[in-house]
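# Chains, contacts and geometry: an overview
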Amino acid sequence: MATLVLDNGAYWAKIGYSQDKVSVIPNCQFRSKTSRLKTFTANQLDEIKDPSGLFYILPFQKGYLVNWDVQRKVWDHLFGKEMFKVEFPDTSIIITEPYFNFSSIQESMNEILFEEYQFQSALRINAGSLGAHHYFTTKPSELCCLLVDSGFSFTHIVPYCRSKKLKEGIRRINVGGKLLTNHLKEIISYRQLHVMDETYVINQVKEDVCYVSQQFYKDMEIAQMKGEENTVMRDYVLPDFSAIKKGFCKPQEEMVFSGKYKTGEQTLRLANERFAVPEMLFHPSDIGIQEMGIPEAIADSVQSLPEEMHPHFYQNIVLTGGNSLFPGFRERLEAELRSLVPAHLPVNVFLPENPVCYSWEGGKLLAHSPDYDEMVVMREDYEENGHIVCEEKFDI
Amino acid sequence: RVEAGQRRVLDEATRQRRLTRQLEALEKDNFQDDPLSSLPPPGPTARLPAFSETEEPEKKRRKTRGDHFKQRFRKNFTTLLEEENLSERAEPNYLSAAAPPSSLPPRLFCCVCGFPSHYTCTTCGGRYCSSRCLLTHRETSGRSEDALDRTGPQDMLDVCCWMETLLSGSGRSRTWTTWLVLMVCLSVDPSLPSLQNQNHQNQNQQNTEVPQEDT
């Protein structure tokens, strides 16, 4: 009997059998201007020769699964012959859901897993719980950890104690990768070049060029300088999909500060956008969102819990999710927390090697653990008793 | 219409509405239209593929329940949120988990160049850092936001006339005006009678024939 672990994210689906490696695949459908009739699903993205003006069809809205049509099409592709060739009657599935998932979505998920796909058994769990399981397995001496999951739709801060999440400490900041990319598109469109349609390209720009600054106002001053002294500014070469397939950041030696480039490629000049965009994770009030940033929310979350647990949480902060891949994220978070947290409490922020797949790896460990069989709901159980079984067993 | 000497001041409600609109725009998945929706509809000879029962007889066909399925699995986020509000679950729940507002004062940046700003535009409250940025701000964001603020289509002719005068301008203002034209076009409802001749002929028919997907 095989176990399939699926970390069903709003942007990436991390999927793989528990004895294999993980595959990171886009969890959406695409349509392109050049081949209008065809809808590309998930990793068929690689077949598109011209990803300019790519149209995204995402099953998730604000982080919750609302569009089942699209999700089923993606899952059909993933579970089908071309990808994982799932044998449903013999497979058990671990699938992740966002925190405080709405009950109608949970029920729809049960129906689809058991009645449509007919998996042998299923476990629905929060992605962070898998991450926490991974952490506690690698550090058995720790009792508590604080998981920061900063993904595409939002950022969650979740305290875990002995592998159980403490609901009163969960905080949600509605700033995620999607917001950062859209904001970057807006400011580039206003200042330089109209790129509002180019989500795919600008997402690549964001991942290549943006970083989290350690001294925000100092970097702002440097970015205002002219010529060679402006070490923050970079030129990014945009792809034209014929000669240049993928955009890249021009290395500093080749930068020309006055006049145009001889090669005639289209470039974007990015100075303060490089660090002002990820800054929104730390200060959402920069663009008018009335919420606290990640460091303040961590402090707020831990404050709401019993005082004797505070040191344990501050010492075990784990970063997961795509946004933690920004260079300098971990150091900046630690520095900001150090100034918010009482001086006698040590602060330790842990960034795993692969934050995007950290939860998936946790799922893999969970699938091999001895308690696994007690945590799942079997299909026969569901067919006899209905949604009640799932509601009681799964802690979403 | 706003002249240079009589610049009006927007009230707090309008400013708040503009901010909400900008924040909602940041949540969008796509800013362009679905490429499929601009295709001509399939002709009378093209037959849509029928649900084939002879395709894979050995595999158990899943139970598609027709209407129940559509009703159940096509709610959008706002509907789900309302249901959640109505169910009044005990705290902690989705709503109580939202992070509270920050206790630090907001940092203010110039809306044109992004550097720290010290001054505010008297009309709309937008921040700027220098007089050059103020000039750019006045040229660009004033008009398109005004057009978006006014509800209803009676101002479309006004906007078209204004666009014509701007496009006849010279040099530098062209890039800004091109951007503005795009912004205004994106905000225009294609079913308005005054613009039907200019937009794709088939656009309206598209919207009724192609099944709407929740994107």
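Residues numbered from 1 in each chain as written. Chains lettered and ligands numbered in written order. Predicted model: local features only at pLDDT ≥ 70, side-chain atom pairs only at ≥ 80, totals over all residues. Heavy atoms only, no water.

With an unreviewed UniProt entry as reference, chain B is termed HIT-type domain-containing protein, source organism Gambusia affinis.

With that settled, the discussion passes to the sheet that holds strand 15 (residues 234–237) of chain A. Sheets are built from strands that pair by backbone hydrogen bonding, the pairs being arranged parallel or antiparallel. All names here are of chain A. Taken together, the 3 strands give an open sheet; going across it, the order is 16-15-17, and neighbouring strands pair in antiparallel fashion. With one partner strand each, in any of the chains shown, strand 16 (248–249) and strand 17 (267–270) form the two edges of the open sheet. By the bridge criterion, 2 bridges tie strand 15 to strand 16 in an arrangement that is antiparallel. Residue pairing in the sheet places Val237 in a bridge with Phe248 of strand 16. Sitting on the sheet, helix 5 (residues 199–209) touches strand 15, strand 16 and strand 17, and the angle it makes with strand 15 is about 140 degrees. (Pairing = 2+ DSSP bridges. Helix = DSSP H or I, 4+ residues; strand = E, 2+ residues; numbered from the N terminus. Contact = heavy atoms within 4.5 Å. Axes fitted to C-alpha atoms, helices over the stretch in contact; angles between N-to-C directions.)

Residue and element names in this part refer to chain A. Of all 7 residues in strand 12 (residues 155–161), 7 are buried; the element is thus mostly enclosed. Both faces of strand 12 are covered, namely the face carrying Thr155, Ile157, Pro159 and Cys161 and the face carrying His156, Val158 and Tyr160. Pairing analysis gives 7 bridges linking strand 11 (residues 144–150) to strand 12, with the strands arranged antiparallel. Bridge pairing in strand 12 places Leu146 opposite Pro159. (Buried < 20%, exposed > 50% of the residue type's maximum accessible area, 1.4 Å probe, protein only.)

It is worth spelling out the nonpolar core at this point. In a soluble, globular protein the nonpolar side chains are often hidden away together inside. Residues and elements named next belong to chain A. Core analysis: the largest hydrophobic core is formed by 76 residues, its most contacted members being Trp75, Phe79 and Ile93. When neighbours within four sequence positions are excluded, Ile93 is seen to be in contact with Leu4, Leu6, Phe79, Leu113, Phe119, Ser121, Ala122, Leu123 and Tyr372. Of all hydrophobic cores here, the second largest spans 53 residues; its members include Leu184, Val205, Leu337 and Val341. (Core = buried A, V, L, I, M, F, W, Y, C linked by side-chain atoms within 4.5 Å.)

Here the focus is unusual backbone geometry. Residue and element names in this part refer to chain A. In this model, Lys85 sits at a positive phi of 45 degrees, which is unusual for a non-glycine residue. On the secondary structure map, Lys85 appears in the loop between helix 1 (68–79) and strand 9 (91–97). Its identity is not glycine, yet Ser163 carries a phi of approximately 65 degrees, on the positive side. Following the sequence through the fold, Ser163 ends up in the loop between strand 12 and strand 13 (164–165). On the basis of relative accessible area, Ser163 is assigned to the partly exposed category, the value being 47%.

Right, let's get into the pattern of salt bridges. Residue and element names in this part refer to chain A. All told, the structure shown has 15 salt bridges over all chains when counted by the stated rule. The residue Glu273 makes a salt bridge to Arg191 at a minimum N-O spacing of 3.0 Å. Of this pair, Glu273 sits in helix 7 (residues 273–276) while Arg191 sits in helix 4 (residues 177–191), and the two are 82 residues apart along the sequence. Using a relative accessible area of 5% as the deciding quantity, one classes Glu273 as buried. The closest approach of N and O atoms between Arg332 and Glu279, which form a salt bridge, is 2.8 Å. In this pair, Arg332 is assigned in helix 11 (residues 329–340) and Glu279 in helix 8 (residues 279–282), connecting sequence segments 53 residues apart. (Salt bridge = Lys/Arg side-chain N within 4 Å of Asp/Glu carboxyl O.)

It is common to give the size of an interface as the accessible area that goes away when the parts come together. Contact with chain B, which involves 61 residues of that partner, is made by 72 residues of chain A. Both sides of the chain B and chain A interface together cover about 6,500 Å² of buried area, and 55% of this is carbon and sulfur. Counting every contact that joins chain B to chain A gives 3 salt bridges. As a salt-bridge pair, B:Arg107 and A:Asp286 come within 3.0 Å of each other at their nearest N and O atoms. Where chain B touches chain A, the interface holds 22 residue pairs in polar contact (both at pLDDT 80 or more). For the side of chain B that touches chain A, the secondary structure elements donating two or more residues are helix 1 (12–25), helix 2 (67–72), helix 3 (77–87), helix 4 (131–149) and helix 6 (173–187) of chain B. Per-element accounting of the side of chain B that touches chain A gives the leading share, 5 residues, to helix 3 of chain B. Here the side of chain B that touches chain A is built from residues that sort into 31 nonpolar, 13 polar and 17 charged. (Buried area = accessible area lost by both parts, 1.4 Å probe. Polar contact = N/O pair within 3.5 Å; in protein donor to acceptor, adjacent residues only side chain to side chain. Nonpolar A, V, L, I, M, F, W, Y, C, P; charged D, E, K, R; others polar.)

With that out of the way, let us pick up empty space enclosed by the protein. All names here are of chain A. If you walk through the whole model with that rule in mind, you get 7 cavities of 30 Å³ or more. Taken as a whole, the largest cavity spans an internal volume of roughly 110 Å³. Where the lining of the largest cavity is concerned, the elements lending two or more residues are helix 4 and helix 5. Counted by class, the lining of the largest cavity contains 4 nonpolar, 4 polar and 3 charged residues. (1 Å grid on protein atoms, 1.4 Å probe; cavity = no way out; pocket = protein on both sides within 12 Å on 5 of 7 lines; lining within 4 Å. Points joined across faces, edges and corners; volume = space filled by probe spheres on them.)

So, about helix 11 of chain A. Residue and element names in this part refer to chain A. For helix 11, built from 12 residues, the straight-helix expectation of 16 Å at 1.5 Å per residue is met to within 8% by its first-to-last C-alpha distance of 17 Å. By the burial criterion, the buried members of helix 11 are Phe329, Arg332, Leu333 and Leu337. One face of helix 11 carries all of its buried residues, which in axial projection span an arc of 130 degrees. In this structure, the buried side of helix 11 is in contact with helix 8, helix 9 (294–303), strand 18 (317–320) and strand 19 (349–350). (Expected span 1.5 Å × (residues − 1). Arc of directions from axis to C-beta.)

Right, let's get into the UniProt feature "domain: HIT-type" (unreviewed entry) in chain B. Following the UniProt record, the feature "domain: HIT-type" (unreviewed entry) maps to residues 106–133 of chain B here. Helix makes up 11% of residues 106–133 of chain B and strand 14%. Its end C-alpha atoms lie 21 Å apart. (UniProt positions renumbered as here; feature names shortened; annotations may be inferred.)

All names here are of chain A. By the element assignment, Met309 lies in the loop between helix 9 and helix 10 (310–315). Once the C-alpha coordinates of Met309 and Leu143 are considered, the two residues, 166 residues apart in sequence, prove to be 9.5 Å apart. Ignoring anything within four residues of it in the chain, the contact list for Met309 reads Cys161 and Leu166.

All names here are of chain A. Pairing within the open sheet is antiparallel, and its 3 strands lie in the order 5-4-6. Each end of this open sheet is capped by a strand with a single partner; those strands are strand 5 (39–41) and strand 6 (55–57). This sheet shows a mean twist of 30 degrees between the axes of neighbouring strands, independent of strand direction. Alignment of strand 4 (residues 29–31) against strand 6, held across 3 bridges, turns out to be antiparallel. Bridged to Phe30 within strand 6 is Tyr56.

Below, the discussion takes up the packing of aromatic side chains. Residues and elements named next belong to chain A. Counted according to the given criterion, the structure contains 30 aromatic pairs over all chains. With 4.8 Å between their ring centres and 35 degrees between their planes, Tyr64 and Phe102 make a pair best called tilted. Note that Tyr64 is positioned in strand 8 (residues 64–65) and Phe102 in the loop between strand 9 and helix 2 (103–117), a separation of 38 residues in sequence. Like Phe102, Tyr64 is buried. Pairing Tyr135 with Phe350 gives two aromatic rings, centres 5.8 Å apart and planes at 45 degrees, and the pair type is tilted. (Phe/Tyr/Trp six-rings, centres within 6.5 Å; stacked < 30°, edge-to-face > 60°.)

Now for the confidence of the model for chain B. Residues and elements named next belong to chain B. Per-residue confidence for chain B averages 68 on the pLDDT scale, and 47% of its residues sit at or above 70. When the criterion is pLDDT under 50, residues 53–67 qualifies, and its contacts beyond four places in sequence or with other chains add up to 8 contacts. Per-residue pLDDT stays below 50 along residues 194–215; that stretch engages in 27 contacts with residues further than four places along the chain or on separate chains. Per the prediction output, this complex has pTM 0.82; the corresponding ipTM is 0.81. (pLDDT = per-residue confidence, 0-100.)

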